[in-house]
Amino acid sequence: EAENSFLSIIDRNAVSWTSMLSAYVENGEGAKALVLYRQMHVEGFMPNEVTFMVAIQACGLLLAEENNTCAGETLKILRISLEIVQALHVDVCRMGYGSNESISSTLVSVYGKCGAVTEAEALFHSLSHHNVVLCTSMLSIYVEQGEGIKALELHHQMQQQCHTPFDVVTMKCVLQACSETGSYELCKQTH
């Protein structure tokens, strides 16, 4: 129904395109969202900040859509996702949205889902402001990639800076890192 409604719009604008993209992402259809994103460009529409965020999120969904594939196919999808995220990152910077906190957090998170820890770290460290969402995204990447020590180092930096409040998700990542590294003392302190 959403697709039919979208197709019936004669004068589409960035809001209508982004709404349809968002509907695909919300329903776990990253590939359809990216095809529509490409069509948006073909028809001459420029993405806005929200459009970029949704397109980046769609990249993160590609692996989830292919959970029943063989390892070789999963690696191919992972490479494709990473290439698309890198291209979107270039476009984000070119369009002047590189310092947008929401877009940056989403990019860091999706780089992590693609296993591109180096890219996620480079982006994270290039940003001047680290809010709790961005820091937790980076912590989560470290934990997911088996980098518990780096996660604990980042947590320590967050504590030293004192301007980044902690939330439940942050604490969960820290506890997972403690478990991974066997850091009983830090686990006890975190508790």
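Before reading on, note that the structure itself is shown above.
Residues numbered from 1 in each chain as written. Predicted model: local features only at pLDDT ≥ 70, side-chain atom pairs only at ≥ 80, totals over all residues. Heavy atoms only, no water.

**Q** Let's hear about the overall build of the protein chain: which residues, and what values?
**A** When helices and strands are tallied, the protein chain shows eleven helices and zero strands. Counted from the first residue to the last, the protein chain has its helices and strands arranged as α-α-α-α-α-α-α-α-α-α-α. C-alpha extents for the protein chain along the principal axes are approximately 60 × 40 × 30 Å. Long-range contacts, defined as pairs at least 24 residues apart, comprise 60% of the intrachain contacts of the protein chain with a sequence gap of at least 6. Charge-centre separation for the protein chain: the mean point of 10 positive side chains lies 4 Å from the mean point of 21 negative side chains. (Helix = DSSP H or I, 4+ residues; strand = E, 2+ residues; numbered from the N terminus. Contact = heavy atoms within 4.5 Å. Lys, Arg positive; Asp, Glu negative; His and termini not counted. Charge placed at Lys NZ, Arg CZ, Asp CG, Glu CD.)

**Q** Please give an account of the packing of aromatic side chains that cites residues and values.
**A** Per the counting criterion, the structure on display carries three aromatic pairs. Consider the rings of Trp17 and Phe45, whose centres lie 5.6 Å apart with planes at 45°: the pair is tilted. In this pair, Trp17 sits in helix H2 (residues 14-26) while Phe45 sits in the loop between helix H3 (30-42) and helix H4 (49-65), placing the two residues 28 residues apart along the sequence. Taking the relative accessible area as the measure of exposure, Phe45 reaches 23% and is therefore partly exposed. Between Phe52 and Tyr97, the ring centres sit 5.8 Å apart and the planes meet at 65°, which makes this aromatic pair edge-to-face. Taken together, the residues span a long stretch of sequence, with Phe52 in helix H4 and Tyr97 in the loop between helix H5 (71-94) and helix H6 (101-113) at a distance of 45 residues. Exposure remark for Phe52: the relative accessible area of 1% places this residue in the buried category. One Lys or Arg, Arg12, reaches over the ring of Trp17 and ends 5.5 Å from the middle of that ring. (Phe/Tyr/Trp six-rings, centres within 6.5 Å; stacked < 30°, edge-to-face > 60°. Buried < 20%, exposed > 50% of the residue type's maximum accessible area, 1.4 Å probe, protein only. Lys NZ or Arg CZ within 6 Å of the ring centre and 35° of its normal.)

**Q** Could you give me a rundown of H2, with the residues and numbers involved?
**A** Given a rise of 1.5 Å per residue, 13 residues ought to cover 18 Å, and the 18 Å separating the end C-alpha atoms of H2 matches this to within 8%. Here H2 starts with a cap whose side-chain oxygen sits 3.0 Å from the backbone nitrogen of Val15, and that cap is Asn13. Downstream of H2 by one or two residues, Gly28 has phi in the positive range, about 70°. (Expected span 1.5 Å × (residues − 1). Polar contact = N/O pair within 3.5 Å; in protein donor to acceptor, adjacent residues only side chain to side chain.)

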